Amino acid sequence: MRKKDQYIYSSLTDILREQILSGFIKKDEFLMSENELSKYYELSRSSVRKSLDLLLKEGLVVKKAGLGTFVSPNVTVQKSKRKVLRILTITPSYFVDHCLPFICQTFEQQHPDVDIKLLSFPIAQFWESLNRCIEMGIQPDICIITDGIFQELKSMDDFVSLDRIMEPELTSVYPNLLNGFRKDGNVKAIPVTFSSICLAYNPRMFDKYNVAPPGPGWNKEAFIQTAGQLTFDTNEDGIIDNYGFSLPSTLNRWNVIAMQNGVDYNKPNKQALLDTLTFMHDMIYRKRSALLSHLQLHRVAFQSEQVAMMLTTTIELAGFGEKLPFEPKFAPMAFGDTPKTLLIANALMVHAASTERELAIQFLQTACHPDVQDKIGKSRFLSVLHPINERHWDRQDLESLHISDGQLREAYYQHETITNNQRMLEVNNELMLYWEGMESAEQCAQRLYKLLSPRKKNAVR
């Protein structure tokens, strides 16, 4: 059995086991169907089935033909006599999978009388799951979230303001990182790792096809030429199967190209929109040197060395781990005249109703400690502390990642570029025909400009 398959279904087993033993799913209560679990956790049916089989062997669930799987009536939820720190996490998450374990390990070494309990929920249902936990009497102490999830939170009063109690830690992180987790002047979450959207490349493919790697002065024309040189029909069947560049159709990737071409969603410029959309259409359909992809295809194509360059994050690359047969390098992004990029981050919050608030704060302090951040850096995740990144990354990489001088130069969270979540959805919806090549860049730019332009109020008669 491949390690990847084993890891996938054992991870779901861990998630469901903790939900059962914590009382989130009660005895005699039915679990979601295999099909529902598959969609909910974005796993294959076979992985879900193997997870349920393991829980069946452990005596935690019972299967009834034609009815489904429910929690065994013999399950007993035992209250620990030790202190318990309950953490709600998102899934899937490279940070949770690769960094959280050694944060927990360090904390447990410092607090041997404390048990850490993790409950994981899909990103799309995270806040809904949190509310359900509280309704069932399961009070979380800490939440691990992303900047995107943070923006969906409606009641900031439910979480502790960290400005005073974690002032030393907050002053140590890159200042721009806190912009994604500040509400009404208060910092409600502290980032523990982050990444800019960056351009990674496979140096082995450059060497294999004798293409000069990116260097100083690399510009848009050089990028276009390089992508073309690395696009091939390798088996001569008339179908391109090796691309110079992978371009995901998700807004949190291609938006970098828009930003570098001067697109401002709050003050739309029709020419900037047209330049962006024309460039992407040229790469995909005219030059045919870019693979239009969803995120899963995007990752698989890079792993299988059928894509030479990709818009990605250090978090995504670190999450690949040993699955990448090469060491990726980073190139300057030169899609336009404005050197901007996007940010993403993982952060920790303390729930205001936590019964172990002091321990929760200490856990956050542990996650931000230089020794723990050094472990994060060694794992090829970016640390929130600049000296750690200086230690583990070379100068060229730091420049490509926009952090060479200790500051995040021209780097913004998605919500800072499009301040309205509904507007993000509208922009995505307007591009469906464009991505399929069924609409010209001019037509799409016109509709986006109309969508983004301030709407005039009806004159009062």
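Refer to the preceding data block for the structure.
Residues numbered from 1 in each chain as written. Predicted model: local features only at pLDDT ≥ 70, side-chain atom pairs only at ≥ 80, totals over all residues. Heavy atoms only, no water.

Draft legend 1. Region of the structure containing the sheet that holds strand 9 (residues 198-201). Spatially, the 5 strands line up as an open sheet ordered 11-10-12-9-13, and their pairing is mixed. Each edge of the sheet is formed by a strand with only one pairing partner; in this case those strands are strand 11 (290-293) and strand 13 (329-331). Going across the sheet, the axis of each strand differs from the next one's by a mean of 30°, ignoring polarity. Strands strand 10 (243-248) and strand 12 (307-312) of the sheet are contacted by helix 11 (residues 251-260), whose axis makes an angle of about 105° with strand 10. (Pairing = 2+ DSSP bridges. Helix = DSSP H or I, 4+ residues; strand = E, 2+ residues; numbered from the N terminus. Axes fitted to C-alpha atoms, helices over the stretch in contact; angles between N-to-C directions. Contact = heavy atoms within 4.5 Å.)

Draft legend 2. View of the nonpolar core. By size, the foremost hydrophobic cluster in this structure holds 104 residues, and its most contacted members are Phe 126, Trp 127, Ile 145, Phe 194, Phe 302 and Phe 363. When residues of this core are assigned to their parent elements, the largest contribution, 7 residues, is made by helix 15 (residues 357-368). Beyond its immediate chain neighbours, meaning those up to four positions away, Phe 363 contacts Leu 85, Ile 87, Leu 100, Ile 103, Cys 104, Phe 107, Ile 116, Ile 142 and Leu 348. Ile 197, Phe 206, Val 263 and Met 309 belong to the second largest nonpolar core, which has 48 residues in total. (Core = buried A, V, L, I, M, F, W, Y, C linked by side-chain atoms within 4.5 Å. Buried < 20%, exposed > 50% of the residue type's maximum accessible area, 1.4 Å probe, protein only.)

Draft legend 3. Fine view of the packing of aromatic side chains. Tallied over the entire structure, the rule returns 20 aromatic pairs. When the centroid spacing of 5.8 Å and the interplanar angle of 70° are considered together, the rings of Trp 127 and Phe 159 count as edge-to-face. With Trp 127 in helix 6 (residues 126-135) and Phe 159 in the loop between helix 7 (147-152) and helix 8 (167-172), the pair connects residues that are 32 residues apart, well separated along the chain. Accessibility classification places Trp 127 together with Phe 159 in one group, the buried group. Judged by centre distance (6.4 Å) and plane angle (40°), the ring pair of Phe 223 and Phe 279 falls under tilted. Of this pair, Phe 223 sits in helix 10 (residues 220-229) while Phe 279 is found in helix 12 (residues 270-286), placing the two residues 56 residues apart along the sequence. Three or more aromatic residues joined by ring pairs make a cluster, and in this case those are Trp 218, Phe 223, Phe 245, Phe 279 and Phe 335. A cation over a ring is seen here: Arg 380 above Trp 393, with NZ or CZ 3.8 Å from the ring centre. (Phe/Tyr/Trp six-rings, centres within 6.5 Å; stacked < 30°, edge-to-face > 60°. Lys NZ or Arg CZ within 6 Å of the ring centre and 35° of its normal.)

Draft legend 4. Quick look at the packing of helix 20 (residues 421-430) against helix 22 (residues 441-452). In contact at an axis separation of 10 Å, helix 20 and helix 22 are set at 165° when each is read in the N-to-C sense. The angle between the axes of helix 20 and helix 22 places the two elements in the roughly antiparallel class. Like other packed secondary-structure pairs, helix 20 and helix 22 cross with a definite hand, here right-handed. Counting all contacts with helix 20, which are made through Arg 423, Glu 426, Val 427 and Glu 430, the residues of helix 22 involved are Cys 444, Arg 447, Leu 448, Leu 451 and Leu 452. Split by residue class, the contact of helix 20 with helix 22 holds 5 nonpolar, no polar and 4 charged. (Parallel < 35°, antiparallel > 145°, perpendicular 65-115°, else oblique. Left-handed = near helix turned anticlockwise from the far one by under 90°. Nonpolar A, V, L, I, M, F, W, Y, C, P; charged D, E, K, R; others polar.)

Draft legend 5. Focus on the pattern of salt bridges. In total, this model carries 19 salt bridges according to the counting rule given. Arg 132 is the partner of Glu 29 in a salt bridge, and the nearest nitrogen-oxygen pair spans 3.2 Å. Of this pair, Glu 29 sits in the loop between helix 1 (3-21) and helix 2 (34-41) while Arg 132 sits in helix 6, and the two are 103 residues apart along the sequence. Overall, Arg 132 belongs to the partly exposed group, its relative accessible area being 34%. Two residues, Asp 374 and Lys 378, come together in a salt bridge whose shortest N-O distance is 3.5 Å. Note that Asp 374 and Lys 378 are positioned in helix 16 (residues 370-378) at a spacing of 4 residues, about one turn of the helix. Because the salt bridges share partners, they merge into one network encompassing Asp 14, Arg 17 and Glu 58. (Salt bridge = Lys/Arg side-chain N within 4 Å of Asp/Glu carboxyl O.)

Draft legend 6. Examining the pairing of strand 12 more closely. Burial of strand 12 is extensive: 6 of the 6 residues sit out of reach of the surface. Judged from the 4 bridges that link them, strand 9 and strand 12 form a sheet pairing that is antiparallel. Bridge pairing in strand 12 links Cys 198 to Thr 312. With 3 bridges joining them, strand 10 and strand 12 adopt parallel strand pairing. Directly across from Ser 246, in strand 12, lies its bridge partner Met 310.

Draft legend 7. The arrangement of empty space enclosed by the protein in detail. Here the structure, examined in full by the defined rule, presents 1 cavity of 30 Å³ or more. Put simply, the largest cavity is a space of about 30 Å³. Residue lining of the largest cavity: Trp 254, Ala 258, Tyr 265, Leu 273, Thr 276, Leu 277 and Leu 448, and that is the complete set. Those elements that provide at least two residues to the lining of the largest cavity are helix 11 and helix 12. If you tally residues by element for the lining of the largest cavity, the top one is helix 12, at 3 residues. Taken together, the residues of the lining of the largest cavity break down into 6 nonpolar, 1 polar and no charged. (1 Å grid on protein atoms, 1.4 Å probe; cavity = no way out; pocket = protein on both sides within 12 Å on 5 of 7 lines; lining within 4 Å. Points joined across faces, edges and corners; volume = space filled by probe spheres on them.)

Draft legend 8. Examining the environment of Trp 393 more closely. Relative to the elements of secondary structure, Trp 393 occurs in the loop between helix 17 (386-392) and helix 18 (395-400). Residue Trp 393 is classed as buried on the basis of its relative accessible area of 5%. Considering only alpha carbons, one finds Trp 393 and Gly 23, 370 residues apart in sequence, at a separation of 44 Å. Every residue in contact with Trp 393, bar those within four places of it in the chain, is listed here: Thr 314, Phe 330, Arg 380, Phe 381, Leu 382, Leu 398 and Leu 401.

Draft legend 9. Region of interest: helix 10. Turning to helix 10, its buried residues are Ala 222, Phe 223, Thr 226 and Ala 227. End-on, the buried residues of helix 10 take up no more than an arc of 130°, which puts them together on one face. Those residues of helix 10 that are exposed and angled more than 90 degrees off the buried face are Glu 221 and Gln 225. Looking at the buried residues of helix 10, the elements they touch are strand 9, helix 9 (203-208), strand 10, helix 12 and strand 12. Two or three places before Glu 221, at the opening of helix 10, Asn 219 has a side-chain oxygen 3.3 Å from that residue's backbone nitrogen. (Arc of directions from axis to C-beta. Polar contact = N/O pair within 3.5 Å; in protein donor to acceptor, adjacent residues only side chain to side chain.)

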